[in-house]
Each structure stands twice: as structure tokens, then as C-alpha cells.
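Commentary on secondary and tertiary structure
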Amino acid sequence: MIVAIDGPAGAGKSSVARAVARRIGAGYLDTGAMYRALTWLALDRRADLDDGAELAALARRYPSRLSPGEGGVIVQIADTDVTSAIREPDVTAEVSRVSAHAAVRAAVVAVQQELIAEGDWVADGRDVGTVIAPGAEVKVFMTATVEERARRRVRDLERVGQGVAHDEMVAEIERRDGIDSGREASPMQVADGALVIDTSDLTEQQVVEVVERLVAGARG
Ligand code: DC
């Protein structure tokens, strides 16, 4: 079974996806981590972020590897552990630009589809229900107001010692939303058959319960 959870940054997808995966005994795939790892590598190698062909070649040569670790998923690329580096502001600032290239997406999606071809998976991202797994048994599109998403991101970053002002975060989220939804190559959109959940006034637990009910329904 595949559970596809798409939506914009800060909607709470990854916490919900991880919790649902644990509860239903499925693997968890953070599809954004793969674009982040590639962006880290591209910055490290000083690749041209506007050159889709060059970036896609990097993606094919160095597929990112995700493996379960004690504190969550460990992300590696080109034999380097980039688990924390991919959450740094320099990567976050450029990842939408890198992931907008059609050639990059084709290379990354191929790896993602191979990974989830067998077994049960909960995958979160922007194009899980539309492109990676259009046949997913459960599809959810999680969203929340920009204000609420910015508040959550600021709080998460504070926890890891990074301070960002609320207004700056609102601007950053609006900028990334614009690129992710406006790009030509598989823009972020609600998949056919997806349930849209506005999480602005819901707790993580409430959202997990909604998704679990969908899973139970799909399993019959
Ligand atoms: O979910 P995230 O913030 O880690 O995602 C990082 C970026 O990667 C996001 O700005 C858009 C892109 N992305 C994508 O285009 N497709 C996905 N399936 C996942 C992420």
C-alpha cells in the first residue's frame, strides 16, 4: 500500500507521515530530502543551479540514500552524511530552484519509484500523488495558512538553535510556494482523489487519525 501525503512547506506533512508509517508498519519516504541532498551536492561542487542537464547528471551519478537511524532518517549522498546539512538555510534557499528542472525531477523520481515499488510506504512531498505514485491507495493534500506554517517553521528552527524572524519566514514560504506551484515540471497541485486537509486548527494527532481512517478504509 502507498500513502501519498503532499502539500506545501510547513503544513506538517513529515511529522504526520512519520507517525502514520510507524503506526501502520510501513516505510517512510521523505521525497524532499532527495532534492535537498542533490542541492547540497550541487552547492558543494559549485554546479550551475540553472543548468538542469548538469544537475540531472549529478543526480544520476550520485543517487541519494535514505536509511532509518536512531533520531530519524539518515540521508547520504556521494558517500557523505548530509542529514543535518540539508536542513541548513543555504540548502533551503536553493532547493526549489534545483527541483524545478524537469531533467532533475525525472532522475530523482526514477529513484523514488524504484524504492517504493515493493512493500508499504508513506511518502511525503509535492508530487507523490500526482507523479511518483498516481495509483496510491490513499492520497492526502495537507495545507495550512501561510501565517500558521511560518509560525511552525520558526518554532522548529528555534529548537535546533536557528533563529529566524516571523516576517522573514512568511516571505520565504511565499517565495518557495510560488516556485513549487508555478513551475512547469510537475507543479505542486492537489492529486485526483486526494483529501485536502487544512491543518491550521488541528493537532498532529488529529491529522494522524484522519489519515489512519483513510488507510483502514483502503485496506477494507
Ligand atoms: O519538503 P521539503 O521542504 O523538504 O522540500 C524541499 C523542496 O523540494 C521544496 O521546496 C520543493 C521540492 N520538492 C519537490 O519539488 N518535490 C517533492 N516531491 C518534494 C520536494
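First, a word on what this report is: a plain description of the structure on this page. (Residues numbered from 1 in each chain as written. Predicted model: local features only at pLDDT ≥ 70, side-chain atom pairs only at ≥ 80, totals over all residues. Heavy atoms only, no water.)

What about helix 4 (residues 89–99)?
What helix 4 keeps buried is the set V91, T92, V95, S96, V98 and S99. Down the axis of helix 4, the buried set is contained in an arc of 160°. They therefore lie on one face. At its buried positions, helix 4 is contacted by helix 2 (31–44), helix 3 (52–61), helix 5 (102–115) and helix 8 (166–182). (Buried < 20%, exposed > 50% of the residue type's maximum accessible area, 1.4 Å probe, protein only. Helix = DSSP H or I, 4+ residues; strand = E, 2+ residues; numbered from the N terminus. Arc of directions from axis to C-beta. Contact = heavy atoms within 4.5 Å.)

A closer look at the sheet that holds strand 2 (residues 27–30)
As a general point, the strands of a sheet are linked pairwise by backbone hydrogen bonds and lie either parallel or antiparallel. Here five strands make up an open sheet; going across it, the order is 2-6-1-7-8 and the pairing parallel. Among the strands making up the open sheet, the edge pair consists of strand 2 and strand 8 (195–198). Pairwise comparison of adjacent strand axes, ignoring direction, gives a mean angle of 20° for this sheet. Running at roughly 45° to strand 2, helix 2 makes contact with strand 2 and strand 6 (121–125) of the sheet. (Pairing = 2+ DSSP bridges. Axes fitted to C-alpha atoms, helices over the stretch in contact; angles between N-to-C directions.)

A short note on helix 7 (residues 146–159)
Given a rise of 1.5 Å per residue, 14 residues ought to cover 20 Å, and the 20 Å separating the end C-alpha atoms of helix 7 matches this to within 8%. Within the sequence span of helix 7, burial applies to E148, R149, A150, R152, V154 and L157. Looking at the packing, one finds that the buried side of helix 7 touches helix 8. One or two steps after helix 7, the chain reaches G161, where phi turns positive at roughly 80°. (Expected span 1.5 Å × (residues − 1).)

Comments concerning the site of the ligand
What surrounds the ligand is a group of 16 residues, the closest being R36, R105, D127, R176 and R183. R36 is positioned with one of its side-chain polar atoms (N or O) 2.7 Å from an oxygen atom of the ligand. Expressed as a share of its isolated accessible area of 450 Å², the protein-covered part of the ligand is 96%. Among the elements of the structure, helix 2, helix 4 and helix 8 are those that each provide at least two residues to the shell around the ligand. The dominant element in the shell around the ligand, judged by the number of residues it contributes, is helix 2, at four residues. Class assignment of the residues belonging to the shell around the ligand gives a composition of two nonpolar, five polar and nine charged. (Near = heavy atom within 4 Å. Polar contact = N/O pair within 3.5 Å; in protein donor to acceptor, adjacent residues only side chain to side chain. Areas by Shrake-Rupley, 256 points an atom, 1.4 Å probe, with all protein chains shown as cover. Nonpolar A, V, L, I, M, F, W, Y, C, P; charged D, E, K, R; others polar.)

Section: the side chain of R183
Positionally, R183 belongs in the loop between helix 8 and strand 8. A distance of 2.9 Å separates a polar side-chain atom of R183 from the backbone oxygen of A185. Within polar-contact distance, the side chain of R183 engages the backbone oxygen of S186 at 3.0 Å. Discounting chain neighbours no more than four positions away, the residues touching R183 are S99, A100, R105, R126 and M188.

Re unusual backbone geometry
Although it is not a glycine, A78 adopts a positive phi angle of roughly 45°. Topologically, A78 is positioned in the loop between strand 4 (72–77) and strand 5 (80–81). Positive phi, normally seen in glycine, also occurs at S186, with a value near 30°. Considering the arrangement of structural elements, one finds S186 in the loop between helix 8 and strand 8.

Remarks on the pattern of salt bridges
Applying the stated criterion to the full structure yields twelve salt bridges. D30 is the partner of R87 in a salt bridge, and the nearest nitrogen-oxygen pair spans 3.1 Å. Separated by 57 residues along the polypeptide, R87 in the loop between strand 5 and helix 4 and D30 in strand 2 bring together distant segments of the chain. Exposure remark for D30: the relative accessible area of 13% places this residue in the buried category. Close ionic contact of R152 with E148 constitutes a salt bridge, the shortest N to O distance being 3.0 Å. Within this pair, R152 and its partner E148 are both found in helix 7, separated by four residues, close to a single helical turn. (Salt bridge = Lys/Arg side-chain N within 4 Å of Asp/Glu carboxyl O.)

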